[in-house]
Amino acid sequence: QVQLVESGGGLVQAGGSLRLSCAASGSIFSINGMGWYRQAPGKQRELVARITSDGSILYASSVKGRFTISGDNAKNTVYLQMNSLKPEDTAVYYCNYQNLADYWGQGTQVTVSS
């Protein structure tokens, strides 16, 4: 089992920045396979950024150049630095870990005001 705990969400004005953190515990030995998804009201959950099993990094086109995913293997923690935030980035952001099974955090709300 893997437990994921997100933190760092909040309310920010357009153009501002936020940094999300996701701390993993349990049967996890690498941050490879961890990532961030988001779900806006009335929309499907979508990929934001992730570190693949081989260590590659993927970004949604809508956030490329504005968001950066990084991690600390020693702490089993991944981060999502979000810059130049837009109102359309408003969503609940979920941490995800994929390794044979899918694990999800409880989500953290990010609200960007115009």
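The structure under discussion appears in the preceding block.
(A) Up close: the pattern of salt bridges. Under the defined criterion, the tally for this structure stands at three salt bridges. A salt bridge links Arg38 to Glu46, with the shortest nitrogen-to-oxygen separation between them at 2.7 Å. Relative accessible area serves as the criterion here: at 36%, Glu46 is assigned to the partly exposed category. Between Asp89 and Arg38 there is a salt bridge; the shortest N-O distance is 2.9 Å. Pair noted here: Asp89 is in the loop between β8 (77–82) and β9 (91–99) and Arg38 is in strand β4 (residues 34–39), with a separation of 51 residues, a long-range link. Taking relative accessible area as the criterion, Asp89 reaches 1% and is therefore assigned buried.

(B) Structural detail: the environment of Arg50. Within the secondary structure, Arg50 is located in strand β5 (residues 46–51). Non-local contacts of Arg50, meaning those with residues more than four positions away in its chain, are made with Gly33, Met34, Gly35, Tyr37, Ser56, Ile57, Leu58, Ile69, Asn96 and Gln98. Within the local environment of Arg50, its side chain forms a polar contact with the backbone oxygen of Gly33, the two atoms lying 2.6 Å apart. For Arg50, the side chain forms a polar contact with the side chain of Asn96, separated by 3.2 Å.

(C) Expanded view of unusual backbone geometry. Residues other than glycine seldom take positive phi values, yet Ser84 does so here, at roughly 50°. Mapped onto the elements, Ser84 comes out in the loop between β8 and β9. With relative accessibility at 42%, the residue Ser84 sits in the partly exposed group. Positive phi values are uncommon outside glycine, yet Leu100 reaches one of about 70°. Looking at where Leu100 falls in the secondary structure, it is placed in the loop between β9 and β10 (101–104).

(D) Spotlight on the side chain of Arg50. Here Arg50 occupies a buried position and makes no salt bridge, while the nearest side chain of opposite charge, Asp102, is found at 6.3 Å. Of note is the side chain of Arg50, whose polar atom sits 3.4 Å from the side chain of Tyr37.

(E) Structural detail: the packing of aromatic side chains. Going through the model one piece at a time under the given rule, you end up with three aromatic pairs. Between Tyr97 and Tyr103, the aromatic rings sit 6.2 Å apart at their centres with planes inclined by 25°, giving stacked as the arrangement. By relative accessible area, which is 4% here, Tyr97 ends up buried. Pairwise contacts between aromatic rings join Tyr37, Tyr94 and Trp104 into one cluster. Directly above the aromatic system of Tyr79 lies the positively charged group of Arg19, at a separation of 4.0 Å from the ring centroid.

Cut-off values and rules
Residues numbered from 1 in each chain as written. Predicted model: local features only at pLDDT ≥ 70, side-chain atom pairs only at ≥ 80, totals over all residues. Heavy atoms only, no water. Salt bridge = Lys/Arg side-chain N within 4 Å of Asp/Glu carboxyl O. Buried < 20%, exposed > 50% of the residue type's maximum accessible area, 1.4 Å probe, protein only. Helix = DSSP H or I, 4+ residues; strand = E, 2+ residues; numbered from the N terminus. Contact = heavy atoms within 4.5 Å. Polar contact = N/O pair within 3.5 Å; in protein donor to acceptor, adjacent residues only side chain to side chain. Lys, Arg positive; Asp, Glu negative; His and termini not counted. Phe/Tyr/Trp six-rings, centres within 6.5 Å; stacked < 30°, edge-to-face > 60°. Lys NZ or Arg CZ within 6 Å of the ring centre and 35° of its normal.

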